[in-house]
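Coordinate analysis (summary)
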Amino acid sequence: MLLATIPFVNNEFEEFMIKEEKKFRIIEQRTKESEKGLLKSKKAQKAVDSFIQEIIEQNSDYLPDIITETLTQGWSRVMFLAYLKDDQEHQWIKTCQAAQDLVWCLKPITSQKDRQHWISIAPKLLKELKCGLQDVSYHTNNLDSTIIEIRSILTSTFKQNMFN
């Protein structure tokens, strides 16, 4: 009787070991994916911080506080998410371009070509900023007033450029 139960116990033990090995492989896979995600997240944050810091340092002469704050506190989050998703959509490049366009729109404009370029990008830029900032819930209650303030700054800068 005892000999008859040994194969049964052996089969149960083998099934148990197969299940445990499968669990171990799943845990190992999830751990690797988690580490990859953490590394990608750190890389994204470093890229965003570096880009934002550089654009602010290079253009600090004509960046109002609201623009600096929006870039560092809000748009940086939009850029971070875009960097993480960038595999197919090229959103990172678009978010970088939007930040550059925002700063460019605040610079002195001297040529007619630059004025035309400003007129063509400013409205699209404001929409893009608003959509991106909404997506990351930046100043949810005050977002409209922030966008209005940015629009006002852009408009007054453009008008000043017209008379210089």
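So, here's what we can say about the structure. What you see as residue numbers is a count from 1 along each chain, following the sequence as written. Where local features are concerned, this predicted model is filtered to residues with pLDDT of at least 70; where side-chain atom pairs are given and counted, the filter is 80 or more; whole-chain, interface and lining totals use all residues. Only hydrogens and water are set aside when side-chain values are computed; all heavy atoms of the structure are taken into account.

Examining the nonpolar core
- Core analysis: the biggest nonpolar cluster contains 39 residues, and Ile-67, Leu-71, Trp-75, Met-79, Leu-102, Ile-150 and Leu-154 have the highest contact counts within it.
- Elements supplying a minimum of two residues to this core: α1 (2–58), α2 (65–89), α3 (91–104), α4 (112–135) and α5 (143–163).
- Ranked by residues supplied to this core, first place goes to α2 with eight residues.
- In what follows, a contact means two residues having at least one pair of non-hydrogen atoms within 4.5 Å. Beyond its immediate stretch of four places on either side in the chain, Leu-154 contacts Leu-102, Cys-105, Leu-106, Trp-118 and Leu-126. Remark: nonpolar core denotes a set of buried residues (Ala, Val, Leu, Ile, Met, Phe, Trp, Tyr, Cys) joined through side-chain atoms within 4.5 Å. Type-normalised accessible area, obtained with a 1.4 Å probe on protein chains alone, sets the label of each residue: buried when under 20%, exposed when over 50%, and partly exposed for intermediate values. Helix and strand assignments follow DSSP, with helices taken as H or I runs no shorter than four residues and strands as E runs no shorter than two, numbered in order from the N terminus.

Here we look at the layout of surface pockets
- Here a cavity means grid points, on a 1 Å grid over the protein atoms only, where a 1.4 Å probe fits yet cannot get out; a pocket means an open set of points with protein on both sides within 12 Å along at least five of seven lines; lining residues are those with an atom within 4 Å of a point. Grid points are joined across faces, edges and corners, and a volume is the space filled by probe spheres set on the points. Approximately 260 Å³ is the volume attributed to the largest pocket.
- Taken together, 14 residues make up the lining of the largest pocket; nearest its centre are Val-78, Gln-91, Thr-95, Gly-132 and Asp-135.
- At the level of secondary structure, the elements contributing two or more residues to the lining of the largest pocket comprise α2, α3 and α4.
- Counting residues per element, the lining of the largest pocket draws most heavily on α2, at six residues.
- All amino acids are sorted into three groups, where Ala, Val, Leu, Ile, Met, Phe, Trp, Tyr, Cys and Pro are nonpolar, Asp, Glu, Lys and Arg are charged, and the leftover types, Gly among them, are polar. Taken together, the residues of the lining of the largest pocket break down into six nonpolar, three polar and five charged.
- If you add up the space inside the second largest pocket, you get close to 210 Å³.
- Lining of the second largest pocket is provided by 13 residues; of these, Pro-123, Leu-126, Lys-127, Ile-147 and Arg-151 occupy positions nearest its centre.

Describing the packing of aromatic side chains
- Stacked, tilted and edge-to-face are the three classes applied to pairs of Phe, Tyr and Trp rings, where Trp contributes its six-membered ring and a pair requires centres within 6.5 Å; stacked means planes under 30 degrees apart, edge-to-face means over 60, and tilted covers the rest. Counted under the stated rule, the structure contains three aromatic pairs.
- Here the aromatic rings of Phe-51 and Trp-92 are separated by 6.3 Å at their centres, their planes lie at 65°, and the arrangement is edge-to-face. Here Phe-51, found in helix α1, pairs with Trp-92, found in helix α3; they are 41 residues apart in sequence, far enough to count as distant.
- By relative accessible area, which is 16% here, Trp-92 ends up buried.
- For the pair Trp-118 and Phe-158, a centre-to-centre distance of 4.3 Å together with 20° between the ring planes defines the contact as stacked. Of this pair, Trp-118 sits in helix α4 while Phe-158 sits in helix α5, and the two are 40 residues apart along the sequence. Each member of the pair, Trp-118 together with Phe-158, is buried.
- One aromatic cluster is present, built from ring pairs that chain together Phe-51, Tyr-83 and Trp-92.

Section: the pattern of salt bridges
- The term salt bridge refers to a side-chain nitrogen of Lys or Arg lying within 4 Å of a carboxyl oxygen of Asp or Glu. This structure, assessed with the given rule, holds one salt bridge.
- Where Lys-130 meets Asp-144, a salt bridge forms, and the shortest distance between an N and an O atom there is 2.8 Å. Placement of Lys-130 in helix α4 and of Asp-144 in helix α5 is noted, with a sequence separation of 14 residues between them.
- You can call Lys-130 partly exposed: its relative accessible area is 28%.

What to know about the environment of Ala-98
- Summarising the element assignment, Ala-98 is placed in helix α3.
- For Ala-98, a relative accessible area of 2% gives the class buried.
- Expressed as a C-alpha distance, the spacing of Ala-98 and Leu-126, which sit 28 residues apart in the sequence, is 9.3 Å.
- Setting aside residues no more than four positions away along its own chain, Ala-98 makes contact with Trp-75, Leu-125 and Glu-128.

These results come straight from atomic positions and should not be treated as a statement about function.
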